[in-house]
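Given next are the chains, with one letter for each unit.
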There are 2 protein chains.
Amino acid sequence: MKKIFFSFVMMLCAVCAVAQQSLQPTQELRTAVVNDDHSVTINVLAPKANEVCLNGELTDGKPQRMDRTADGVWTWTTKPLGSDLFLYWLEVDGVRTLDPGNSHVIRDVSYLFSYVILDSEEHPYGVHAVDHGTVESVWYEGSKSGMKRRMTVYLPAGYEKGKTKYPVLYLLHGSGGDEQAWIELGRTAQILDNQIAAGKAKPMIVVMPNGNMSDEAAPGYAANGLVRPGIPGAHRMDGYFEETFPEIIEWVDAHYRTQKDAKHRAVAGLSMGGYHSYWISANYGKQFDYVGLFSAVYYRNEMTAAVYQNEAEKVALLMARKPVYRIYIGKDDFLYQANVEKRAALKEKGYDYVYVESEGGHQWKNWRAYLTDFVTHIF
Amino acid sequence: MKKIFFSFVMMLCAVCAVAQQSLQPTQELRTAVVNDDHSVTINVLAPKANEVCLNGELTDGKPQRMDRTADGVWTWTTKPLGSDLFLYWLEVDGVRTLDPGNSHVIRDVSYLFSYVILDSEEHPYGVHAVDHGTVESVWYEGSKSGMKRRMTVYLPAGYEKGKTKYPVLYLLHGSGGDEQAWIELGRTAQILDNQIAAGKAKPMIVVMPNGNMSDEAAPGYAANGLVRPGIPGAHRMDGYFEETFPEIIEWVDAHYRTQKDAKHRAVAGLSMGGYHSYWISANYGKQFDYVGLFSAVYYRNEMTAAVYQNEAEKVALLMARKPVYRIYIGKDDFLYQANVEKRAALKEKGYDYVYVESEGGHQWKNWRAYLTDFVTHIF
């Protein structure tokens, strides 16, 4: 699956044409074309636009003014790219938009991105011809939080057939994310399907709850009004998620065939989810033998909640149990220095951890790669 | 949930700015604001654009040039609207785009739409404070088709707790749709949650397979390359879906707690899915006591497959069993006349059916409403 093609479906109708009943395409112009040298060509028909820019991970975050051809198609070909999932967008006369010819779209916080995948063994984010797990959107009744809350659950291939019990990875999103972030941007189902099929990871259940305790669910799925992603609500990193986390474990253990001990339970997360993972593992140290901190936040102002007290003692109890403790961060991450300090503090105490430093910054490109690695080290 | 607000998160950065590491919004301008009179106001910041048009269901399919304010915000307020889910999009200097301030997006075939829901008892498409069912993305092994194929399954609230067996509605999408169409555009989970909670529909499992037999899955989830929605492939309405449909029933009956008889099995679909429902019910007449044909196609050219032969005898056997047979279509549907002829043919034979005629054409607005009604008449 090295070459992935998208199709640009062109409706040959005038600007502001009356909405059609049928959505059948009549002609196609290809966009997101992966060329032989692993460059990608983006094409967009915009004859009336004064300027069309390509931006995002296809251009290393540097906006590129696309070239206009005589027939009003704007085009740009990237340099040869490595394997990865690349998010990109267009700016048409200053207005951010998606590639109209690419129906592959992912949301991150409030923003939508077109994407293209260049798959590889190192970055197995495509859908391979392997057995696929089931992905569920479930609702748990938050007895402590008093809310119905939506959660995404990955069940490995074969779960539905057998009686086997599985280990559980709790996988936590960042600030502004929600219960869909890891499964969509994180390609969790594809990474797990592929790593399990390759024998690199054990079959496991992955539970992806919503870490914003004021929200019931992602946009379009919330009963308490439609949420506005990225607008910080109450109960963000205030201890409430960590405090009520045991009810998620209880719900999962009651509803799935899980192995219910620390040896078969991991917690990992990115950014705010790393913060949550740090504090959840510290507070419930006897319940987790595996911890993954991806570009993690560790501290913030006003940490008055009980779960944030007695940190040293809590971490000591956890670390005495010798968990697999893996810290990942990119060299350009704005949290890099905070991670240097955290590692120094752990080292001073003589605690064991594994440190993995990557290129790049605070971005999904890294978090997908960290997950791909992390799942090979647990259970 | 009468009033639903969206937030327009404005990044105060220059055109084609370097990609930010953090996606935290810094300021907000609201769009998709539902006003007291049930009109909706759309706002978009586009100071460099020469023209911004609003199009779609907020403007009755008639494009509206938005008004530009001095600060570069383009704005438009609709007339007062009834309750519904409204799809819309913008055209910025002739390029189709989404509302950048609205993170609520649905794909239809190759096209993406922003949306706003004005909820009501008649159109219960919002998420209410009721128990929610589980939505699963599962893969079945197509033994006849020789492919792994993705399918969406709705399990009613309480399914995971008990031992109860449930009736099953097979719900089929139209040409160009996929296994996500009914759950996203159709708001199936919300309609079922709400109709079941209101006591208007029985708790049921809803199975939404992919009716394009050349495709494994929706865009981003297919192993056989990323599909190009709306580009007709092989095995579209050629009998292959109907022929291999029993393997879907077998898989569902093997994997879920289903009631495995005709009294507890329904099939319904829209457009091509109506065609599939017509032919599936005709070919497997003893297996379905409930049939829903929503804006259905009945015939096409080159119907050489075995499942399309001996129509009269097959339909006679089905109809002799007196199924609940409900035909829905809009007055402006391009398939209206074909449905007049089909009804005349059924009437001539003396077969019982219920006919529901609505306003409007071949559109999701109608299909959501038909589903909302249909589920109250089955099981």
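Here's what I pulled together on the structure shown here. Within each chain, residues carry numbers counting from 1 in the order of the written sequence. By the order in which they are written, chains take letters starting at A while ligands take numbers starting at 1. Local features in a predicted model are, by the rule used here, given only for residues with pLDDT of at least 70; side-chain atom pairs are given and counted only at 80 or more, and totals for whole chains, interfaces and linings are based on all residues. Processing note: side-chain calculations cover all non-hydrogen atoms of the structure and skip hydrogens and water entirely.

**Side note on the sheet that holds strand E4 (residues 40–45) of chain B**
Right, so step 1: Here a strand pair is declared whenever DSSP counts at least two bridges between the two strands. Secondary structure elements follow DSSP: runs of H or I of four or more residues count as helices, runs of E of two or more count as strands, with numbering from the N terminus. The four strands are arranged E3-E4-E8-E7 (chain B) in an open sheet whose pairing can be described as antiparallel. Edge positions in the sheet fall to strand E3 (33–34) and strand E7 (67–68) of chain B, since each of these pairs with one other strand and no more.

**A look at the pairing of strand E9 (residues 84–92) of chain A**
Residue and element names in this part refer to chain A.
Right, so step 1: With respect to burial, E9 is a largely interior element, nine of its nine residues being buried.
Right, so step 2: Relative accessibility thresholds used throughout: buried, under 20% of the residue-type maximum; exposed, over 50%; partly exposed, between the two (1.4 Å probe, protein chains only). Here E9 shows no split at all, with Asp84, Phe86, Tyr88, Leu90 and Val92 on one side and Leu85, Leu87, Trp89 and Glu91 on the other all buried.
Right, so step 3: Bridge analysis of strand E5 (residues 52–56) against E9 gives five bridges, and the strand direction is antiparallel. Of the residues in E9, the one forming a bridge with Val52 is Val92.
Right, so step 4: Where E9 meets strand E12 (residues 111–118), five bridges bridge the pair, whose relative direction is antiparallel. Note that in E12 the partner of Tyr88 across the bridge is Ser114.
Right, so step 5: Taken together, the three bridges between E9 and strand E10 (residues 95–97) define a ladder with antiparallel strand orientation. If you follow Leu90 over to E10, its bridge partner there is Thr97.

**A few points about the sheet that holds strand E3 (residues 33–34) of chain A**
Within a beta sheet, neighbouring strands are joined by backbone hydrogen bonds and run either parallel or antiparallel to one another.
Residues and elements named next belong to chain A.
Right, so step 1: Spatially, the four strands line up as an open sheet ordered E3-E4-E8-E7, and their pairing is antiparallel. Here the strands that pair on one side only, and so sit at the sheet edges, are E3 and strand E7 (67–68).
Right, so step 2: Both E3 and strand E4 (residues 40–45) contribute to a ladder of two bridges, which runs antiparallel. By the bridge assignment for E4, Val33 is matched with Thr41.

**Digging into the pairing of strand E12 (residues 111–118) of chain B**
All names here are of chain B.
Right, so step 1: Burial runs high along E12: eight of the eight residues are buried.
Right, so step 2: Alternating positions in E12 separate into two faces, Tyr111, Phe113, Tyr115 and Ile117 on one and Leu112, Ser114, Val116 and Leu118 on the other, with burial throughout.
Right, so step 3: Of the strand pairs in this sheet, strand E11 (residues 105–108) and E12 are connected by four bridges, and their pairing is antiparallel. Within E12, the position partnered with Val105 by the bridge is Ser114.

**What to know about the environment of His128 of chain A**
Right, so step 1: Considering the arrangement of structural elements, one finds His128 of chain A in the loop between E12 and strand E13 (134–142).
Right, so step 2: Under the relative-accessibility criterion, His128 of chain A is labelled partly exposed at 23%.
Right, so step 3: Sequence separation between His128 of chain A and Ile191 of chain A is 63 residues, and the spatial gap between their C-alpha atoms is 9.9 Å.
Right, so step 4: For this analysis, residues touch if any pair of their heavy atoms sits within 4.5 Å. Other than its neighbours up to four places away in sequence, His128 of chain A contacts Asp119 and Asn194 of chain A together with Ala223 of chain B.
Right, so step 5: A polar contact is formed between the side chain of His128 of chain A and the side chain of Asp119 of chain A, at a distance of 2.6 Å. Contacts described as polar in this section are N or O atom pairs within 3.5 Å, which, within protein, must combine one atom able to donate a hydrogen with one able to accept it, while residues neighboring in sequence count only if both atoms come from side chains.

**What about the environment of Lys331 of chain B?**
Residues and elements named next belong to chain B.
Right, so step 1: Mapped onto the elements of the fold, Lys331 is located in the loop between strand E19 (324–330) and helix H6 (336–348).
Right, so step 2: Spatially, the C-alpha atom of Lys331 lies 6.1 Å from that of Ser358, the residues being 27 residues apart in sequence.
Right, so step 3: Residue contacts for Lys331: discarding those within four places in its chain leaves Tyr336, Glu357, Ser358, Glu359 and Gly360.
Right, so step 4: Here Glu359 takes part through its side chain, which lies 2.8 Å from a polar atom of the side chain of Lys331.

**Some details on the packing of helix H2 (residues 188–197) of chain B against helix H7 (residues 364–374) of chain B**
When two helices pack together, their arrangement is given by the angle between the helix axes and by the axis-to-axis distance.
Residue and element names in this part refer to chain B.
Right, so step 1: To define axes, lines are fitted to C-alpha atoms, for helices over the stretch in contact only, and angles between the resulting N-to-C directions are given on a 0 to 180 degree scale. At a closest axis distance of 10 Å, the pairing of H2 and H7 adopts a crossing angle of 30 degrees. Taken together, H2 and H7 sit at an angle that is classed as roughly parallel. H7 is crossed by H2, and the crossing has right-handed handedness. Facing Thr188, Ile191, Leu192 and Gln195 of H2, the residues of H7 in contact are Arg368, Leu371 and Thr372.
Right, so step 2: Each residue gets one label: Ala, Val, Leu, Ile, Met, Phe, Trp, Tyr, Cys and Pro are nonpolar, Asp, Glu, Lys and Arg are charged, and the others, such as Gly, are polar. Residues belonging to the contact of H2 with H7 are distributed by class as follows: three nonpolar, three polar and one charged. Our angle categories are set so that under 35 degrees counts as roughly parallel, over 145 as roughly antiparallel, 65 to 115 as roughly perpendicular, and the remainder as oblique. Note on convention: the crossing is left-handed when the near helix lies turned anticlockwise from the far helix by less than a right angle, right-handed when the turn is clockwise.

**Regarding the packing of aromatic side chains**
Right, so step 1: Pairing of aromatic rings covers Phe, Tyr and Trp, the last through its six-membered ring, and needs centres within 6.5 Å; plane angles under 30 degrees mean stacked, over 60 mean edge-to-face, and all others mean tilted. For the coordinates displayed, the defined rule picks out 40 aromatic pairs over all chains.
Right, so step 2: Here the aromatic rings of Tyr159 of chain B and Tyr256 of chain B are separated by 6.4 Å at their centres, their planes lie at 65 degrees, and the arrangement is edge-to-face. You can see Tyr159 of chain B sitting in the loop between strand E14 (147–155) and strand E15 (168–172) and its partner Tyr256 of chain B sitting in the loop between helix H3 (240–255) and strand E17 (265–270), a full 97 residues away along the chain. Like Tyr159 of chain B, the residue Tyr256 of chain B is buried in the burial classification.
Right, so step 3: Ring plane angle 90 degrees and centroid distance 5.1 Å describe the contact between Tyr278 of chain B and Trp279 of chain B, whose orientation is recorded as edge-to-face.
Right, so step 4: The buried category is assigned to Tyr278 of chain B, whose relative accessible area is 2%.
Right, so step 5: Looking at Trp279 of chain B, the relative accessible area reads 1%, which means it is buried.
Right, so step 6: Through pairs of rings, three or more aromatic residues link up here, namely Trp182, Phe294, Tyr328, Trp364, Trp367, Tyr370 and Phe374 of chain A.
Right, so step 7: Arg343 of chain A extends its terminal NZ or CZ atom over the ring of Tyr355 of chain A, reaching a point 3.5 Å from the ring centre. Placement of a charge over a ring requires the Lys NZ or Arg CZ to be within 6 Å of the ring centre, with the centre-to-atom vector within 35 degrees of the ring normal.

**Comments concerning the pattern of salt bridges**
Residue and element names in this part refer to chain A.
Right, so step 1: Salt bridges are identified by distance alone: a Lys or Arg side-chain nitrogen within 4 Å of an Asp or Glu carboxyl oxygen. Per the stated rule, a full pass over the model turns up 30 salt bridges over all chains.
Right, so step 2: Here Asp84 makes a salt bridge to Lys365, at a shortest N to O gap of 3.0 Å. You can see Asp84 sitting in strand E9 and its partner Lys365 sitting in helix H7 (residues 364–374), a full 281 residues away along the chain.
Right, so step 3: Classification of Asp84 as buried rests on a relative accessible area of 2%.
Right, so step 4: Across the salt bridge formed by Asp289 and Arg321, the nearest N and O atoms sit 3.0 Å from each other. Here the residue Asp289 occupies a position in the loop between helix H4 (272–283) and strand E18 (290–294), and Arg321 occupies one in the loop between helix H5 (311–320) and strand E19 (324–330), the gap between them amounting to 32 residues.
Right, so step 5: Through salt bridges with shared partners, a single ionic network connects Asp84, Lys365 and Arg368.

**Section: unusual backbone geometry**
Residue and element names in this part refer to chain B.
Right, so step 1: With phi around 50 degrees, Asp93 is a residue other than glycine that occupies positive phi space.
Right, so step 2: On the secondary structure map, Asp93 appears in the loop between strand E9 (84–92) and strand E10 (95–97).
Right, so step 3: The phi torsion at Asn310 lies on the positive side, around 55 degrees, for a residue other than glycine.

Just distances and angles here, no functional claims.
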